[in-house]
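If you want the building blocks of each chain, they are given just below.
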Amino acid sequence: MNPDALPFSQSCENNKDFILEVLCQAFADRRAVLEIASGTGQHACHFAANMPWLQWQPTELPGNLPVLQPRCAAYTGNNLLPPLALDVRADPWPVAVPDALFSANSLHIMSFPAVEQCFAALARQAGADTLLAIYGPFNYGGQYTSPSNARFDQWLAQQHPQSAIRDFDAVNTLAGRAGFSLQADHEMPANNRLLLWRKV
Ligand SMILES: C[S@@+](CC[C@H](N)C(=O)[O-])C[C@H]1O[C@@H](n2cnc3c(N)ncnc32)[C@H](O)[C@@H]1O
């Protein structure tokens, strides 16, 4: 496929190098990454190309795999696996959980019950020492971190009633119940965060 015709997200282009800077250090001793909700595959291809020591496994909802597959098929390196179908609500997940996971801009799109099911799956299937990196907008103490996030949340509610910016404490509580301990909370451009947990 013509590279200019591949599915494209401008926000991925804007945030990928800022995320890469954090992941390069966080994932320096990791071997493989399972990415949840890979979207267009821009993150998967960029991170696989720039962290060649990692084997990167992109995944998406079954119905959204046709969006993900073309860019992954055009990747020329050897450390990006073919995309797999993964709905985080599945029990069990049909994929092995390696020593690291990454997901961007997904927890505010899926319903909160799906977020709960995601962490329940990680409680069952992630091994000790697994690192989990989640990028996106979060609220703190029930408050938006910026007027633009408040506007974005209103827009989300109009698009999909189940979507909403999640509260950091609610997600951190789910992570704790799943056996994960918060390692870092990075402030990122455009009022986003990059949260890192380690399974203990
Ligand atoms: C805003 S997009 C983010 C895509 C990409 N990670 C990015 O940063 O551009 C949200 C993604 O979440 C995925 N998603 C929604 N519900 C999901 C679920 N239950 N399991 C897995 N992925 C889900 C959607 O298919 C969509 O690709």
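You'll find the structure just up there.
Values in this document were obtained by computation on a predicted structure and should not be read as measured data.

1. What to know about the overall build of the protein chain
The helix and strand inventory of the protein chain stands at 6 helices and 9 strands. The C-alpha atoms of the protein chain give 16 Å as radius of gyration, which agrees with the globular expectation for 200 residues (16 Å, within 12%). Projected onto its principal axes, the C-alpha coordinates of the protein chain cover approximately 45 × 40 × 30 Å. Counting all 200 residues of the protein chain, 36% fall into the buried class. By sequence separation, contacts in the protein chain at least 24 residues apart represent 73% of the contacts at least 6 residues apart.

2. Here's the deal with the nonpolar core
With 45 residues, the main nonpolar core has Val 33, Leu 101, Leu 132 and Ala 133 as its most contacted residues. Contacts of Leu 132, omitting those with residues within four sequence positions, involve Leu 101, Leu 122, Phe 180 and Trp 197.

3. What about the pairing of strand 1 (residues 32-36)?
Counting buried positions over the 5 residues of strand 1 gives 4, a clear majority of the element. Bridging between strand 1 and strand 2 (residues 55-60) involves 4 bridges; their strand directions are parallel. Paired with Leu 34 across the strands is Gln 57, a residue of strand 2. At this point the chain moves from strand 1, through helix 2 (residues 42-50), to the parallel strand 2, and the crossover so formed is right-handed.

4. Here's the deal with the environment of Tyr 144
Assignment of secondary structure puts Tyr 144 in the loop between strand 6 (138-139) and helix 5 (147-159). The spacing of Tyr 144 and Asp 167 is 23 residues in sequence and 9.0 Å in space, taken between C-alpha atoms. With sequence-adjacent residues up to four places away left out, Tyr 144 is seen in contact with Asn 139, Asn 149, Ala 150 and Asp 153.

5. Let's talk about the sheet that holds strand 5 (residues 131-136)
In a beta sheet, neighbouring strands are held together by backbone hydrogen bonds and run either parallel or antiparallel to one another. Reading across from one edge, 3-2-1-4-5-9-8 is the order of the 7 strands in this open sheet, with mixed pairing throughout. Each edge of the open sheet is held by one strand with a lone partner, namely strand 3 (84-85) and strand 8 (180-188).

Cut-offs used in this document
- Residues numbered from 1 in each chain as written.
- Predicted model: local features only at pLDDT ≥ 70, side-chain atom pairs only at ≥ 80, totals over all residues.
- Helix = DSSP H or I, 4+ residues; strand = E, 2+ residues; numbered from the N terminus.
- Rg over C-alpha atoms; globule rule 2.2 N^0.38 Å.
- Buried ≥ 20, exposed ≤ 12 C-beta atoms within 10 Å, placed from the backbone.
- Contact = placed C-beta atoms within 7 Å.
- Core = buried A, V, L, I, M, F, W, Y, C linked by C-beta atoms within 7 Å.
- Pairing = 2+ DSSP bridges.
- Right-handed = clockwise from strand over helix to strand, strands pointing away.

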